[in-house]
Amino acid sequence: MPPKKHMLRPQGAASKKVSVPPALKSSRGVKSWKEAAAWLRARGIEDIECITPDLAGVARGKMMPSSKFTSNTSLALPSALYRHTISGDYPDETESFRYEARDSDLKLEPDLSTLSVVPWETDPTAQVICDVVDTDGESVPYAPRNVLKNIVALYAERGWKPVVAPEIEFYLVAMNDDPDYPLRPPKGRSGRSILGGQSYSIAGINEFDELIDDIYHFSEKQGLEIDTLIHEEGPAQLEINLRHGDPVALADQVFLFKRTIREAALKHGIYATFMAKPMQRQPGSAMHIHQSVIDEATGKNIFSNADGTPSQEFFHFIGGMQKYVPSSLVMLAPYVNSYRRLTPDMACPVNNAWGYDNRTTAFRVPLSDPQARRVENRLPSSDANPYLALASSLAAGYLGIKKEIEPTEPTAETANEGSIDLPRGLLEAVALLEGEPDFLEVFGKEFIGIYAGVKRGEFETFMQVISPWEREFLLLNV
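As the structure is a computational prediction, the values presented were derived from the model and not from experiment.

Turning next to a negative patch on the surface. Taken together, the side chains of E46, E121, D123 and E263 define an acidic patch exposed on the protein surface. In this fold, E263 is placed in helix α7 (residues 247-267).

Listed below in structure tokens is the structure:
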């Protein structure tokens, strides 16, 4: 008998190809609970993180064994989760800010299209983003993911689909365990702390090659797509650009990217921070948002007419941005620190102007072909909750189209000199949010009351801290 390796296949027999279901190949998302169970088994997943963003965009939720996840386990969180500040404090009640009397449960509903691995965990772990509903299964209107979904639904009622592309800036900083000491840039592979003047520098990126490789690796494992990565103007300040797409999907990506970048940095003994202004006399970090609107029936960009000229919807969208973004700025610049970024003579607009390819304006129209015509909102800071930042920006454009608001003339000159045309601080921004009656139809009274109450609570907490400036200039002089 010939050796086994020389045995001939019987006539007519064919090699069998094992068909692998597409769901098992996917690095991100499945369509059903049956597919989810198979996906988890195929990867040997032991634990799963069920997460949802709070008002600050911080991941909250529960971890459980994967076997419990696929057995219809009910997941619940207390309603007070959406009423505490970034420091974990609970503000006093006011007429518009109230706690739920029983602090009853809110339920987490996993969105299986977001299922992915957690690549930095040592044990096989997965994560899934959850929507928040009440005990009757109704969508909770003040949960950030639902706030954005409601805005997208307003566009859908008109047969439109908004398209966005966020750009996220962040700093790498040396580890700092004492908040009284200023942050400083980390050391790169050269052994020296990176300095400023590295805008678009490949050498600046190469200083952190291994860290950036981990960011790409972690992102690929989660099915997250990075379009480009650049070094920005500040020392060890980087920017990641994401591919354009659905607003909820892109907000999910930003939500996960923030976790990913922080974890990759920690692996290398560095902090990654999305603070709007982490270092004095250095540029702040923005989250620029590119926006367009597609007609779902035709697939055409409604910002352009058939002949390629700008449409009325395009101008009205800009008009809405100019009218409503200043009143919703607290959703784009949500902390006291955010307003340190919004200062003159820095690489950040402090106006309400728009212009063609003009980076000194709040609302820039990049040069493009008609199908790619879009409006870039340059005001949001990277500390913003991505769901609320996108909801705020898209709501302003929607109201502009609906109410046919005409914009000013485009600005061709430098727009970032002279007076500041925006709220100068957190409390002023909160008051403008509450004072805009048109926001009731897009955000709802309950969300506005809760969000404003939390922001006022954060301001009061900030006011309890005595700053180095006060000790330096007031201690012996007044």
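The rest of the description comes next.
Below, the discussion takes up helix α11 (residues 386-402). Taking 1.5 Å per residue, 17 residues should reach 24 Å; α11 reaches 24 Å between its end C-alpha atoms and fits that length. In terms of residue burial, α11 counts as a mostly covered element, since 16 of its 17 residues are buried. Sitting at the amino-terminal end of α11 is N385, which places a side-chain oxygen 3.0 Å from the backbone nitrogen of Y387. E404 sits one or two residues past α11 and shows a positive phi near 50°.

To continue, consider the side chain of S382. Tracing the chain through its elements places S382 in the loop between β14 (375-377) and α11. Looking at S382, the relative accessible area reads 0%, which means it is buried. Polar contacts involving the side chain of S382 include one to the main-chain carbonyl oxygen of E169, which spans 3.2 Å.

If pLDDT is low for a region, its predicted coordinates should not be looked at in detail. In this model, the chain carries a mean pLDDT of 92, and residues with pLDDT of at least 70 account for 95%. Counting interchain partners and residues more than four positions distant, the pLDDT-below-50 stretch residues 1-15 has 3 contacts.

Let us now look at the packing of helix α4 (residues 144-156) against α11. Direction vectors running N to C along α4 and α11 enclose 25°, while the axes themselves pass 8 Å from each other. Considering the angle they form, α4 stands roughly parallel to α11. Handedness of the crossing formed by α4 with α11: left-handed. Listed contacts from α11 to P144, R145, V147, L148, I151, L154 and Y155 of α4 are Y387, L388, L390, A391, L394, A395, G397 and Y398. When grouped by side-chain class, the residues that make up the contact of α4 with α11 number 13 nonpolar, 1 polar and 1 charged.

With that settled, consider the environment of Q291. Tracing the backbone shows Q291 in strand β11 (residues 287-295). Linking Q291 and V336, residues 45 residues apart in sequence, is a C-alpha distance of 27 Å. Excluding residues that lie within four positions of it along the chain, Q291 makes contacts with V163, V164, F303, F317, M321, R374, V375, N377, S393 and L394. Polar contacts involving the side chain of Q291 include one to the side chain of S393, which spans 2.7 Å.

This paragraph deals with the pattern of salt bridges. Applying the stated criterion to the full structure yields 20 salt bridges. E100 is paired through a salt bridge with R102; the nearest N and O atoms lie 3.9 Å apart. Overall, the relative accessible area of 27% leaves E100 in the partly exposed class. Residue classification places R102 among the exposed positions, given a relative accessible area of 67%. Notably, a salt bridge pairs D252 with R145, separated by 2.7 Å at the nearest N-O pair. Of this pair, D252 sits in helix α7 while R145 sits in helix α4, and the two are 107 residues apart along the sequence. Each member of the pair, D252 as well as R145, is classed as buried. It is possible to trace a salt-bridge network through shared partners that takes in D111, D131, R145, K149 and D252.

Turning to the packing of aromatic side chains, a few remarks are in order. Taken as a whole and assessed by the stated rule, the structure comprises 19 aromatic pairs. Plain terms: the ring middles of Y90 and Y99 are 6.3 Å apart, the flat faces sit at 50° to each other, and that makes the pair tilted. With a relative accessible area of 47%, Y90 lands in the partly exposed category. Look at F255 and Y387: their rings are 6.0 Å apart centre to centre, the planes differ by 65°, and that puts the pair in the edge-to-face class. With F255 in helix α7 and Y387 in helix α11, this pair connects stretches of sequence that are 132 residues apart. Here the aromatic residues F303, F314, F315, F317, W354 and Y356 are joined through ring pairs into a cluster of three or more. When the ring centre of Y142 is taken as reference, the NZ or CZ atom of R83 above it lies at 4.9 Å. Between the NZ or CZ atom of K323 and the centre of the ring of Y324, over which it lies, the distance is 5.3 Å.

Conventions and cut-offs
- Residues numbered from 1 in each chain as written.
- Predicted model: local features only at pLDDT ≥ 70, side-chain atom pairs only at ≥ 80, totals over all residues.
- Heavy atoms only, no water.
- Patch = residues over 30% accessible without salt bridge, like charges linked within 9 Å, V, L, I, M, F, W, Y side chains within 5 Å.
- Areas by Shrake-Rupley, 256 points an atom, 1.4 Å probe, with all protein chains shown as cover.
- Salt bridge = Lys/Arg side-chain N within 4 Å of Asp/Glu carboxyl O.
- Lys, Arg positive; Asp, Glu negative; His and termini not counted.
- Charge placed at Lys NZ, Arg CZ, Asp CG, Glu CD.
- Helix = DSSP H or I, 4+ residues; strand = E, 2+ residues; numbered from the N terminus.
- Expected span 1.5 Å × (residues − 1).
- Buried < 20%, exposed > 50% of the residue type's maximum accessible area, 1.4 Å probe, protein only.
- Polar contact = N/O pair within 3.5 Å; in protein donor to acceptor, adjacent residues only side chain to side chain.
- pLDDT = per-residue confidence, 0-100.
- Contact = heavy atoms within 4.5 Å.
- Axes fitted to C-alpha atoms, helices over the stretch in contact; angles between N-to-C directions.
- Parallel < 35°, antiparallel > 145°, perpendicular 65-115°, else oblique.
- Left-handed = near helix turned anticlockwise from the far one by under 90°.
- Nonpolar A, V, L, I, M, F, W, Y, C, P; charged D, E, K, R; others polar.
- Phe/Tyr/Trp six-rings, centres within 6.5 Å; stacked < 30°, edge-to-face > 60°.
- Lys NZ or Arg CZ within 6 Å of the ring centre and 35° of its normal.

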